[in-house]
Amino acid sequence: MRGTGARFITLEGGEGAGKSTHIRYLAEHLRGLGIEVVTTREPGGSPGAEVIRKLLVEGPSEAWDATAEALLMFAARRDLLVHTIWPALRQGQWVISDRFADSTRAYQGYGHGLALAEIETLYRLAVGDFVPDFTVILDLPVETGLKRAATRAGSENRFERFGTDFHQRVREGFRQIAAAEPARCVLIDADAPLDTVRARVLQAVRDRLGV
Ligand code: TYD
């Protein structure tokens, strides 16, 4: 699956955690070291998955139940793996993804209450035994994140309308994932100035991946 040295890194976290900004910083940093980097996002990132993304993020919050949402997320993920992530890794490029399966665990699992065992069944079907080499989870208070998300350009997505309790469960879910898988995940306090969080992310990548 991976060419020599290629790594798959995922950034995770709730709404307004700053994932896309920190992916940009991290990609710039790695490129500065001479590493070829492909960045992508979920849901979406490949032509087929972007079509599915539109179904997921537009429309009323009740448009899909948790199971349908999870199935669509994994359909989009499969397409992204087949068309973008796996080909890049095979060529030795590093891939950084804005969200991956931990978002399904946190949002559809902890947030909506879908059984985590069912999510793992879907994972095995769609992804197999492929897992990220390293996952950065950006953690910040729900109110701060939702406020940040509300002020950025673009219309609010379906998920921002689920209410504070939902997003609280999502945050708790991410924290539990980080605690359960310390070898893969690092939880970073993102309730700090951008430069501070940037330094924390780069330090974590340095510690884990040696770059
Ligand atoms: P996006 O605009 O990417 O949100 P953000 O900028 O906060 O990352 O919209 C994606 C939304 O989809 C986001 O609210 C989280 C949600 N989501 C899930 O619920 N499950 C998933 O598996 C994924 C990948 C995303």
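Residues numbered from 1 in each chain as written. Predicted model: local features only at pLDDT ≥ 70, side-chain atom pairs only at ≥ 80, totals over all residues. Heavy atoms only, no water.

### Re the site of the ligand
In step 1: Around the ligand there are 15 residues in total, and E15, K19, R99, T104 and Q108 lie nearest to it.
In step 2: Between an oxygen atom of the ligand and a side-chain N or O atom of K19, the distance comes to 2.7 Å.
In step 3: At 2.9 Å, a side-chain N or O of R53 approaches an oxygen atom of the ligand.
In step 4: Its free accessible area being 540 Å², the ligand has 93% of it covered by the protein chains.
In step 5: Considering every element that reaches the shell around the ligand, the biggest residue donor is helix α4 (residues 101-111), with 4 residues. (Near = heavy atom within 4 Å. Polar contact = N/O pair within 3.5 Å; in protein donor to acceptor, adjacent residues only side chain to side chain. Areas by Shrake-Rupley, 256 points an atom, 1.4 Å probe, with all protein chains shown as cover. Helix = DSSP H or I, 4+ residues; strand = E, 2+ residues; numbered from the N terminus.)

### A word on the environment of R169
In step 1: The topology assignment puts R169 in helix α7 (residues 164-180).
In step 2: Classification of R169 by relative accessible area gives partly exposed; the value is 39%.
In step 3: Between the alpha carbons of R169 and V205 there is a distance of 27 Å; along the sequence they are 36 residues apart.
In step 4: Leaving out residues up to four positions away in the same chain, R169 has contacts with Y110 and G111. (Buried < 20%, exposed > 50% of the residue type's maximum accessible area, 1.4 Å probe, protein only. Contact = heavy atoms within 4.5 Å.)

### Let's talk about the packing of aromatic side chains
In step 1: Enumeration over the complete set of coordinates arrives at 9 aromatic pairs.
In step 2: Geometrically, the ring pair formed by F74 and Y123 is edge-to-face, given 6.3 Å between the ring centres and 85° between the ring planes. Here the residue F74 occupies a position in helix α3 (residues 66-90), and Y123 occupies one in helix α5 (residues 116-126), the gap between them amounting to 49 residues.
In step 3: Relative to F130, the ring of W86 lies with its centre 5.7 Å away and its plane at 90°, an arrangement referred to as edge-to-face. Pair noted here: W86 is in helix α3 and F130 is in the loop between α5 and β4 (134-139), with a separation of 44 residues, a long-range link. (Phe/Tyr/Trp six-rings, centres within 6.5 Å; stacked < 30°, edge-to-face > 60°.)

### Thoughts on the pattern of salt bridges
In step 1: With the rule as written, the count across this model stands at 14 salt bridges.
In step 2: Between R77 and E42 there is a salt bridge, with the nearest N and O atoms lying 2.7 Å from each other. Of the two residues, R77 is situated in helix α3 and E42 in the loop between β2 (37-41) and α2 (47-57); the sequence distance between them amounts to 35 residues. Just as R77 is buried, E42 falls in that class too.
In step 3: One salt bridge in this structure joins R152 and E160, with 3.2 Å as the shortest N-O distance.
In step 4: According to the relative accessible area criterion, R152 is partly exposed, its value standing at 42%.
In step 5: We classify E160 as buried; its relative accessible area is 13%.
In step 6: Connected through shared salt-bridge partners, D102, R105, E120, E181 and R184 make up one network. (Salt bridge = Lys/Arg side-chain N within 4 Å of Asp/Glu carboxyl O.)

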